[in-house]
Amino acid sequence: MKVIKNIVIVTALIFSNQTLADATKTVQGNVEKGKELASGVCAGCHNPDGNSVIPTNPTLAGQHAEYLLKQLKDFKVEEETPAKRDNPIMSSMVAPLSVDDMKDLAVFYAQQKTQPANHDVDESQLELGKRVYNGGNLENSVPACSSCHSPNGAGIPPLFPKLAGQHADYTLSQLETFRQGTRANDINNTMQMIVLRLSAQEKKAVAEYISTLK
Ligand code: HEC
Ligand code: HEC
């Protein structure tokens, strides 16, 4: 109950009602068409079922459809303005996709089962990683990751992505892109503000811990 109350408070503080209303519309898409699209060029980097084996490419399987749709839209470069999530590879990938294609892909990947990241876990990082994930860092006012991404990393749709089982290399790379500002698609700069207060060691440790969550 305490966790739920905290989430409600955090959510209410950070996100306006309009943002919430926009985000809570659930995604309607065609899973079969999504499967077909996913088996094309995407499969080369994310695998046909979205469980990527290359640790710098994110696993998409089991991620929430709302979040996936938002990312695909955010990668899109509109009339020379940089994408909100500025990544040359993915921007070129989404260029030919219609919004309906994106919806189909999002519902397909969301229905696939996440295979946990299969890398050698650096056990020495897990104690610190767990502490940061569940408790943040009071000294530097880092909020607990679990308050938005949930204690088991399942996330809270529609706004807060699932993190559990994600490749540590990818997670770490995102904490870096939020720090550099090349990824600026987080509502109200939430993640960008958080990562500024994390030490390099804390980032590495929390990324490692997240990869072990199921
Ligand atoms: C050449 C490799 C490559 C291909 C092909 C590719 N991706 Fe990606 N994808 C990536 C990388 C690398 C990232 C991480 C980008 C970043 O750092 O922001 C990514 C990120 C994503 C994300 C964001 C995931 C998250 O957790 O935020 C989605 C969704 C996605 N890709 C979907 C697709 C789809 C759909 C296709 C096919 C139309 C595709 N990708 C093709 C490499 C690729
Ligand atoms: C106040 C809520 C909040 C807290 C606390 C929070 N996050 Fe996030 N996080 C978000 C939101 C919202 C997004 C999605 C941004 C978007 O729409 O692209 C996100 C996205 C992410 C992503 C990108 C996921 C992907 O697939 O690309 C990572 C990694 C992440 N957070 C890690 C963390 C870590 C580690 C912590 C704790 C140190 C943390 N977050 C704390 C709200 C939060």
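See the structure printed just above.
The text that follows walks through the structure, step by step, so that each part is easy to find.

The rules we used
Residues numbered from 1 in each chain as written. Chains lettered and ligands numbered in written order. Predicted model: local features only at pLDDT ≥ 70, side-chain atom pairs only at ≥ 80, totals over all residues. Heavy atoms only, no water. Phe/Tyr/Trp six-rings, centres within 6.5 Å; stacked < 30°, edge-to-face > 60°. Buried < 20%, exposed > 50% of the residue type's maximum accessible area, 1.4 Å probe, protein only. Near = heavy atom within 4 Å. Polar contact = N/O pair within 3.5 Å; in protein donor to acceptor, adjacent residues only side chain to side chain. Helix = DSSP H or I, 4+ residues; strand = E, 2+ residues; numbered from the N terminus. Nonpolar A, V, L, I, M, F, W, Y, C, P; charged D, E, K, R; others polar.

Here we come to the packing of aromatic side chains. Per the stated rule, a full pass over the model turns up two aromatic pairs. With a centroid separation of 5.5 Å and an interplanar angle of 55°, the aromatic rings of F108 and Y109 are classed as tilted. Considered together, F108 and Y109 belong to a single accessibility category, that of buried residues. Ring geometry for Y133 against Y209: centres 5.7 Å apart, planes inclined by 55°, an arrangement best described as tilted.

To continue, consider the site of ligand 1. The full set close to ligand 1 counts 21 residues, and C42, C45, H46, Y67 and M90 are the nearest of them. In the environment of ligand 1, a nitrogen atom lies 2.8 Å from a nitrogen or oxygen atom belonging to the side chain of H46. Note that an oxygen atom of ligand 1 is positioned 2.7 Å from one of the side-chain N or O atoms of R85. Where the shell around ligand 1 is concerned, the elements lending two or more residues are α3 (31-46), α4 (65-74), α5 (88-94) and α9 (168-180). A per-class count over the shell around ligand 1 returns 14 nonpolar, six polar and one charged.

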